[in-house]
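So the chains spell out like this:
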Amino acid sequence: MKKVAVFGKPGSGKSTLSRALASVTGIPLHPLDSMVYQKNGELVERKLFDEAHERVLSSDRWIVDGFGPLESFYKRLESADTLIYIDLPYRTSYWLVTKRLLKGLMVTPEGWPEGSSVFRGSMQSYKVLRLCPRFWNEAFMGRLETLSAEKTLYVIRSVAELNSFVPEHISE
């Protein structure tokens, strides 16, 4: 495990899992949100994002969590040696986005892009969740299984699996 792509629907725990993985393994973490958004919450110019993303992918070790532009997502999946797909039930993802929103009214969630509105981000997460079945479906799973023939693929389907992933799969 040297190049790790962590991905899934909004509110699935990607950032939390990625921070835990980075902490235990020492692999540098590159949250996609910090590459996609400027400190004021605005989108980074696409060319600058692509350059930053390429620098990360060309390094020896990395963890990248998130989705981002589709082309970069597939490039990341190709470059990674380890794929972690968090495929929680939709009800759970909606609940976790809501929980993050409510908590975000009091304190900015850990890892949240600086200057970015938790409210606006949560509303965007709800919109994306409604569209997710068009992408996160059986066709994607088939493509992922084909792509992962020479990689390690983990598919996490419950909060219990998510919470136990690092202790079960990573030795300190």
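Residue numbers restart at each chain and count upward from 1, following the sequence in its written direction. Predicted model: local features are reported for residues with pLDDT of at least 70 only, side-chain atom pairs are reported and counted for 80 or more only, and whole-chain, interface and lining totals are derived from all residues. For side-chain calculations, the full set of non-hydrogen atoms in the structure is used, while hydrogens and water are omitted.

(A) How the structure looks around the overall build of the protein chain. When you go through the protein chain residue by residue, the secondary structure sums to 8 helices and 5 strands. The C-alpha atoms of the protein chain give 15 Å as radius of gyration, which agrees with the globular expectation for 172 residues (16 Å, within 12%). Relative accessible area decides the class of each residue, using a 1.4 Å probe on protein chains only: under 20% of the type maximum gives buried, over 50% gives exposed, and in between gives partly exposed. When the 172 residues of the protein chain are sorted by exposure, 41% land in the buried category. In this analysis, two residues are considered to be in contact whenever any of their non-hydrogen atoms come within 4.5 Å of each other. Contacts in the protein chain between residues far apart in sequence, at least 24 positions, make up 74% of those at least 6 positions apart. Method for areas: the Shrake-Rupley scheme with a 1.4 Å probe, in which residue coverage is limited to the protein chains shown. Total accessible area computed for the protein chain in this model is approximately 9700 Å², and 53% of it derives from carbon and sulfur atoms. Each charge sign in the protein chain was given a centre, from 23 positive and 20 negative side chains, and these centres are 5 Å apart. Numbering goes from the N terminus for both helices and strands, where a helix is a DSSP run of H or I of at least four residues and a strand is a run of E of at least two. With the radius of gyration taken over C-alpha atoms, the globule rule is written as 2.2 Å times the number of residues to the power 0.38. When charges are tallied, Lys and Arg are placed among the positive residues and Asp and Glu among the negative ones, while His and the ends of the chain are skipped. Charged groups are reduced to one reference atom each: NZ for lysine, CZ for arginine, CG for aspartic acid, CD for glutamic acid.

(B) The packing of helix α3 (residues 46-58) against helix α4 (residues 70-79), seen in detail. Axis lines are fitted to C-alpha atoms, over the contacting stretch for helices. Their N-to-C directions set the angle, which ranges from 0 to 180 degrees. Put simply, α3 and α4 touch, their axes get as near as 11 Å, and they point 5° apart. In terms of their interaxial angle, α3 and α4 are classed as roughly parallel. For the pair α3 and α4, contact is made by Arg46, Phe49, His53, Glu54 and Leu57 and by Glu71, Ser72, Lys75, Arg76 and Ser79, respectively. Each residue gets one of three labels, nonpolar for Ala, Val, Leu, Ile, Met, Phe, Trp, Tyr, Cys and Pro, charged for Asp, Glu, Lys and Arg, and polar for the others, Gly among them. Looking at the contact of α3 with α4 residue by residue, the classes come out as 2 nonpolar, 3 polar and 5 charged. Angles below 35 degrees are treated as roughly parallel, those above 145 as roughly antiparallel, those between 65 and 115 as roughly perpendicular, and all remaining angles as oblique.

(C) Focus on the sheet that holds strand β5 (residues 152-156). The parallel open sheet is built from 5 strands, whose spatial order is β2-β3-β1-β4-β5. Of all the strands in the sheet, just β2 (29-31) and β5 have a single pairing partner and so form its edges. With direction set aside, neighbouring strand axes in the sheet form an average angle of 15°. Only strands joined by at least two bridges in the DSSP assignment are considered to pair. With 5 bridges joining them, strand β4 (residues 82-86) and β5 adopt parallel strand pairing.

(D) Local environment of the packing of α4 against helix α7 (residues 138-147). Packing of α4 against α7 brings their axes to within 10 Å, and their N-to-C directions diverge by 35°. Crossing handedness for the pair α4 and α7: right-handed. On α7, the residues that touch Phe73, Tyr74, Leu77 and Glu78 of α4 are Phe140, Arg143, Leu144 and Leu147. Looking at the contact of α4 with α7 residue by residue, the class counts come to 6 nonpolar, no polar and 2 charged. It is the rotation of the near helix from the far one that decides the hand of a crossing: anticlockwise by less than a right angle makes it left-handed, clockwise makes it right-handed.

(E) Looking closely at the packing of aromatic side chains. A pair of Phe, Tyr and Trp rings is counted when the ring centres sit within 6.5 Å of each other, with Trp represented by its six-membered ring. The angle between the planes then sorts it: under 30 degrees is stacked, over 60 is edge-to-face, the rest tilted. This structure, assessed with the given rule, holds 19 aromatic pairs. When the ring of Phe7 is compared with that of Trp136, the centres are 6.2 Å apart and the planes differ by 15°; the resulting orientation is stacked. Of this pair, Phe7 sits in strand β1 (residues 3-8) while Trp136 sits in the loop between α6 (118-131) and α7, and the two are 129 residues apart along the sequence. Exposure remark for Phe7: the relative accessible area of 1% places this residue in the buried category. The class for Trp136 is buried, based on a relative accessible area of 9%. Members of the aromatic cluster, joined through ring pairs, are Phe7, Phe67, Phe73, Tyr74, Tyr85, Phe135, Trp136 and Phe140. Criterion for a charge above a ring: Lys NZ or Arg CZ within 6 Å of the ring centre, and within 35 degrees of the ring normal. Above the face of the Tyr74 ring, Arg143 is positioned so that its terminal group lies 3.8 Å from the ring centre.

(F) Here's a closer look at the pattern of salt bridges. The working definition used for a salt bridge is a side-chain nitrogen of Lys or Arg within 4 Å of a carboxyl oxygen of Asp or Glu. Counted under the stated rule, the structure contains 5 salt bridges. One salt bridge in this structure joins Arg46 and Glu71, with 2.5 Å as the shortest N-O distance. Here Arg46, found in helix α3, pairs with Glu71, found in helix α4; they are 25 residues apart in sequence, far enough to count as distant. Using a relative accessible area of 51% as the deciding quantity, one classes Glu71 as exposed. Three or more residues are tied together by salt bridges with common partners; here these are Lys9, Asp87 and Arg157.

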